Structure formats: structure tokens, C-alpha cells
Amino acid sequence: MVRLAILLLCLLPVTAGLLGAVLPALGWFPPLGGTHFSFQPFADFLAEPGLRRSLWLSLSIAFISTFLSYWLAMFLLALIYGQGQSGFLFRLISPLLSVPHITIAVGFLFLLQPSGWLSRLASPWLTGWQRPPNLNIVPDENGGVLVLALIAKELPFLLLMGLSALSQINVRPLLDSAATLGYGPLAGWLHLVQPQLAGPLRLAVLIVMVFAISVVDMAIILAPSTPAPLAVRILTWFRDPDLSYQFVAPAAAVMQLGCALLACMAWIGLDGALLRGLARFSAAGWRFNYLLPLLVSLLKKFGLFLCLWPCVMAVLGMLAAIIWAFADIWRYPSALPDKWGVAAWEYAYISLGQASLNSLILGLVSAGVCVVLALLWLQTQAACGDTHFERLIYIPLLLPQIAFLFGMQILLIWLGFDGVFLALIWAHCLFVFPYVMLSLAPSWRRFDNRYLAIAATLGAGPIRRFLSIKLSMMTLPVLTAFAVGFAVSSALYLPTIFASNGRVMTLTTEAVTLAAGAGRQNLGIATLMQMVLPLLVFLICDRLARARLARFSFFKL
């Protein structure tokens, strides 16, 4: 019953949201006079100018970013495995995992725009520029910068999921077997380890694919606008004062849902075919360590460069945002501000104070609720041993957000909950809960139940065994899941816009608004606050875990 109630909380708004999109897409929306079913909304949608370009941008950006993120993550795992650097790698990628997507996008904007930090660092001594050049760098017409930003954000996520999946695979005997057949580490990984990793990582990769297809906040800043990717145009149509677009937008949302499903099916088929092709090519005589040592060395260096390039750019972009937050005067082409100061923080205190407080409360409450729900789910699941229903909780992540959030907004208006803070928490939990489960479930299931058996022989009851033994020993995974949940909540844009009906400001919604044309100092401050809040929660959780487990030698961190 507990898991059924959790499923209803997760799936009821999604189901209502899909109905709220499909019915207007078919012409039935009585509040606006649509009382008969028809395909006219789809005809109007298909007649929109620049539609092919919008679809091409959405699909190409999603496929390229997902493909590169996945295979670069797998390459990096193969490169570092067995060298004892997984802990260092996790600490290295944690900052990028903790910051919201919009923060990465703003960082790339500050770094790569014609008057960005890279241009300033290279001018005038290298470029000769005394004024910002008239170049279309950000946003570029093909969405290349958006692809880089997505890789910078999704590569650490897939690395984390890969490290978790590797803990369930006995890799060393597989690589030893490949070595006895003459294969080097990379070829052995490709033949024996990668096929076993593909299955556990498929859900994570599909989540990345769907997100890249439907991303709005990053696309508003980094993608072209004439025409924009489909997800951005759908949001524009939903906001259009012409009420006829309230039929076009749901039709476009349904079309985007279909595109996302087709993209996921294509990925599943093409990924297997690509892996088989690479394996055949390797089996035909490519022995990385023996036949082509120079090529392998170059491949490793080039692959490492591709892995680090987007992440380094993201870090430099966030550093540029921090500089702008404390710059009073920064003329081009100065590499650093001409005058440092905190004059812009007075405006930030007035305008961003409430947004920061809302983000903090939303993140803490949503993450706390979702961790409790995850613990209830995992405990009841352990009691009955049924894991089939768990796949259903990831449905909100496998659907484009805008495909059902409009319908969910209609449900909230009908219930009288639109703009209510509780409804906003509910909307955030739809997306936070699956990520909390992804983070917590593998560690929770690896727990050795013999500890509980020993406690039972000493007379401890079920509740005491759970609280004093299992929950205490699982402190680190639980706190990590909480921090991940907070980071996910702080990054949500569309759920905040639709569930609050535009009445609740968060740092993410304010950052998107400021990026449209406000002062760079104000945008830098909003971006800095977005970095600080999730990172602070991660650091506090890490400190709490260390303090709790420091006296146990088995749990030394």
C-alpha cells in the first residue's frame, strides 16, 4: 500500500498532464470554445514557419550531446579503472554535479560571447580587438555551444552512474581474460566490460536524451532563436496572448513527446549496433597495446582532451560569473575588472533575496520528503522482494517536461492549487524523487542484512534495527541522496513556472529572466547564488557524514 500511494503521487499528475495536452491537441478544450475533436491544431502546428529547422535543432543537439557524453564517460571509466582514482574523480566532478544546468549555460555565455572573458584574455595583444567583435558566437546558429554545455553537465552525471554500475561488475577477471587473448585494456573493456555496462546505464542515458531534447532554460540562453529549438517555441506558444496558440502548443507538445520516444528507440538500436561494429573492428586485428601503440597513445590523449574540454570551459565560465558578481566597472578589453565592488549586491538583496529563500526552502523540503519516500519504498520493497513497479517512478524523467506540465497546470487550476507553495513542492518531488532513488537504491540494496540478523538475535525490534543499525550504517548514501535531491530541485525551471503560475520566484527563474538583458553584475550574483546553495548543501552533508562515521574504522572516508 505504501508503494502504491507513492506511485499515485508520482503518476497521477503525469497522467492528468498528458491528458491535458492530448485533448487540446485534438481540438477539445471547452474553456476556449473547443468542443469538438479535430486535427486542426496539428495542421496549424505543421504550418508554423521554421518548424523543420526547430525539429532538426532539437534532435541533432540531443543526439550529439548524448552520444558524446556517453562514450566520453565510458572512455574515461576505461582509462582510470584499476588506478585507484575513482574517489579523486568523484570529488573532481562533484562541483559540476551540484550546480544547476542554467548555471553552466550562464557560465558559457560569460565565457564565449563576443565580449566574454576568453575574448578579453586574448585582446588586444593577440586579436587586436579594442571593441567586442561582431561575431555570432553565443548563441550560434547550429547550437554547438549548447551541445558543449550539455556535455559539461551530463558527462559527470553519466560518470557517477557508471561508477555505481561498475561496483556491481567484477571487472578485473574480465580484463585479465582479455589480456590472455592479446587484447589491451581498452580493447578488453570494449569487448567484455562495455556490453555489461550498457544495460545498467540505459535508463540514465535515456534520461539524458529526453532532457536534451526538451531542455528550455539552457536553450533560451545558448541556442539560436530564429527559429529556436522546439521546446523553446512550445513555451513561447503557451505564453502567447493569442488564445488560438493554446491549441497549437499542446499539439507541438504531443509531437515533441513522439520525437522523444522515437529518439530513445533509435538510441537503443544504434547503440547496440555501434558497439557490435566496434567489437568486430577490434576483433579484426586492432590490438591496442601491441599493434598500434602510437595510435593508442594519441587516442588516449585526444579522448582525455575531449573529456576535459567542456568541463574546463564550464569551470572557467563559472569563474567568470563569480568575477562579474564583484565587478563594479569592467571595460572591454580589460582581462579583469577596472573597479571591484559590491554595489550590485544591494539590488541583489532586494530582488534575489526572496528568490534565494524560495530556492532554499523548496530544495530542502523537496529533498527531505523524497528521501523519506525513497526509504519507505526501499524498505517495503525489501520486505516483499518485488522490484517491477520501480520502473514506473522514472516516467517523469522519460517524458519531455513541457509535454505534461501544461496539463498538470490545468489540473492544479481545477483543484484550486495553482500558485500554492504545496503544489510547487509536489511538482518538484515528481522530478526529485527519481533522482533520489537513482542515487540511493544501489547502495541500499548492497547492504549486508547479516547485521540486522545479529541485532535481532540480541533482541532489537524491527524499528530499532532500522534506525540504529541500517540507517546509521547508510548515513553516507542517504545524505548523498539528499544533496542530489536538493541540486535537482534548485535546477528545475519549467515545473516552477507551470506549478506556481509564475507567482513564485526562484534563482533559476530569475537567472533566465536576467539573462534576457539585465546587467551582467546582477546575472553574475544570481549565478553565484545558484552555485553556492547546492555546493553548500553537498559540503554540509559530507561533513555530517564524516562526523557521524569518523569513529568507525570501517567507514573511514
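Model, not experiment: these values are computed from the prediction.

Visitor: Would you take a moment to explain the overall build of the protein chain for this structure?
Guide: Of regular secondary structure, the protein chain possesses 23 helices and four strands. Since a compact globule built from 557 residues should have a radius of gyration of about 24 Å, the 25 Å found for the protein chain is in line with a globular shape. The principal-axis extent of the C-alpha atoms belonging to the protein chain is close to 65 × 65 × 50 Å. Expressed as a percentage of the 557 residues in the protein chain, the buried residues total 54%. Taking all contacts inside the protein chain whose residues are at least 6 apart in sequence as the whole, residues at least 24 apart take part in 80%. Accessible surface, the protein chain as shown: approximately 25100 Å² in total, 69% of it carbon and sulfur. Each charge class in the protein chain can be summarised by its mean position, and for the 32 positive and 19 negative side chains these summaries are 14 Å apart.

Visitor: What is the right way to look at the side chain of Thr103 in this model?
Guide: Looking at where Thr103 falls in the secondary structure, it is placed in helix α5 (residues 101-112). On the basis of relative accessible area, Thr103 is assigned to the buried category, the value being 0%. A polar side-chain atom of Thr103 sits 3.3 Å from a polar atom in the side chain of Gln530. Discounting chain neighbours no more than four positions away, the residues touching Thr103 are Met318, Thr527, Gln530 and Met531.

Visitor: Whenever I open this one, a nonpolar patch on the surface confuses me. Can you help?
Guide: Nonpolar side chains collect at one region of the surface, where Leu304, Leu308, Val312, Leu316 and Leu319 lie side by side and expose about 370 Å² of accessible area between them. You can see Val312 is positioned in helix α13 (residues 293-325).

Visitor: Whenever I open this one, helix α14 (residues 344-351) confuses me. Can you help?
Guide: An α-helical turn contains 3.6 residues, so any two residues separated by three or four positions project in the same direction. Regarding α14, the residues found buried are Ala344, Ala348 and Ser351. Summarising the axial view, the buried residues of α14 lie within an arc of 80°, below the 170-degree limit, and thus occupy one face. Turned more than 90 degrees from where α14 packs its buried face, Glu346, Tyr349 and Ile350 sit exposed.

Visitor: How should the side chain of Ser123 be read in this particular structure?
Guide: Note that Ser123 resides in the loop between α6 (117-121) and α7 (144-166). A distance of 2.6 Å separates polar atoms of two side chains, one belonging to Ser123 and the other to Thr127. Excluding anything up to four places from it in sequence, Ser123 contacts Trp129, Tyr332 and Pro333.

Visitor: Sorry if this is basic, but what is going on with unusual backbone geometry here?
Guide: Glycine aside, residues mostly have negative phi, and peptide bonds are mostly found in the trans state. In this structure, Pro124 follows Ser123 across a cis peptide bond, with omega equal to -5°. Along the polypeptide, Pro124 turns up in the loop between α6 and α7. Cis geometry is found at the peptide bond from Tyr332 to Pro333, where omega equals 10°. Unlike most non-glycine residues, Asn501 shows phi in positive territory, near 60°. Summarising the element assignment, Asn501 is placed in the loop between α21 (494-500) and α22 (507-515).

Visitor: Looking at this model, I keep getting lost on the pattern of salt bridges. Mind explaining?
Guide: When their charged atoms lie close together, side chains carrying opposite charge are able to pair. One pass over the structure, following the stated rule, counts six salt bridges. A salt bridge links Asp176 to Arg172; the shortest N-O distance between them is 3.9 Å. Residue Asp176 and its partner Arg172 are both found in helix α8 (residues 171-180); the two are separated by four residues, about one turn of the helix. On the basis of relative accessibility, which here comes to 39%, the residue Asp176 falls in the partly exposed class. Judged by relative accessible area, Arg172 falls into the partly exposed class, the value being 38%. Measuring nitrogen to oxygen at the nearest pair gives 2.1 Å for the salt bridge that ties Arg445 to Glu390. With a gap of 55 residues between them, Arg445 in helix α17 (residues 421-445) and Glu390 in the loop between α15 (353-384) and α16 (401-415) connect regions that are remote in the sequence. Residue Arg445 is classed as partly exposed on the basis of its relative accessible area of 42%.

Visitor: Whenever I open this one, the packing of aromatic side chains confuses me. Can you help?
Guide: The relation between two aromatic rings is expressed through the spacing of the ring centres and the mutual angle of the planes. Considering all chains together, one arrives at 18 aromatic pairs under this definition. With a centroid separation of 6.4 Å and an interplanar angle of 15°, the aromatic rings of Trp28 and Phe37 are classed as stacked. Note on Phe238 and Phe498: the rings are 5.9 Å apart at their centroids and 85° apart in plane angle, and the pair reads as edge-to-face. Of the two residues, Phe238 is situated in helix α11 (residues 230-239) and Phe498 in helix α21; the sequence distance between them amounts to 260 residues. Grouping residues by exposure puts Phe238 and Phe498 together as buried. Members of the aromatic cluster, connected to one another through ring pairs, are Phe29, Phe238, Phe247, Phe406 and Phe498. Sitting over the face of the ring of Trp377, Arg3 holds its NZ or CZ atom 5.6 Å from the ring centroid. Across from the ring centre of Trp330, 4.7 Å away, lies the NZ or CZ of Arg120, which sits over that ring.

Each value, and the rule that gives it
- Residues numbered from 1 in each chain as written.
- Predicted model: local features only at pLDDT ≥ 70, side-chain atom pairs only at ≥ 80, totals over all residues.
- Heavy atoms only, no water.
- Helix = DSSP H or I, 4+ residues; strand = E, 2+ residues; numbered from the N terminus.
- Rg over C-alpha atoms; globule rule 2.2 N^0.38 Å.
- Buried < 20%, exposed > 50% of the residue type's maximum accessible area, 1.4 Å probe, protein only.
- Contact = heavy atoms within 4.5 Å.
- Areas by Shrake-Rupley, 256 points an atom, 1.4 Å probe, with all protein chains shown as cover.
- Lys, Arg positive; Asp, Glu negative; His and termini not counted.
- Charge placed at Lys NZ, Arg CZ, Asp CG, Glu CD.
- Polar contact = N/O pair within 3.5 Å; in protein donor to acceptor, adjacent residues only side chain to side chain.
- Patch = residues over 30% accessible without salt bridge, like charges linked within 9 Å, V, L, I, M, F, W, Y side chains within 5 Å.
- Salt bridge = Lys/Arg side-chain N within 4 Å of Asp/Glu carboxyl O.
- Arc of directions from axis to C-beta.
- Phe/Tyr/Trp six-rings, centres within 6.5 Å; stacked < 30°, edge-to-face > 60°.
- Lys NZ or Arg CZ within 6 Å of the ring centre and 35° of its normal.

Purely geometric numbers; function is a separate question.
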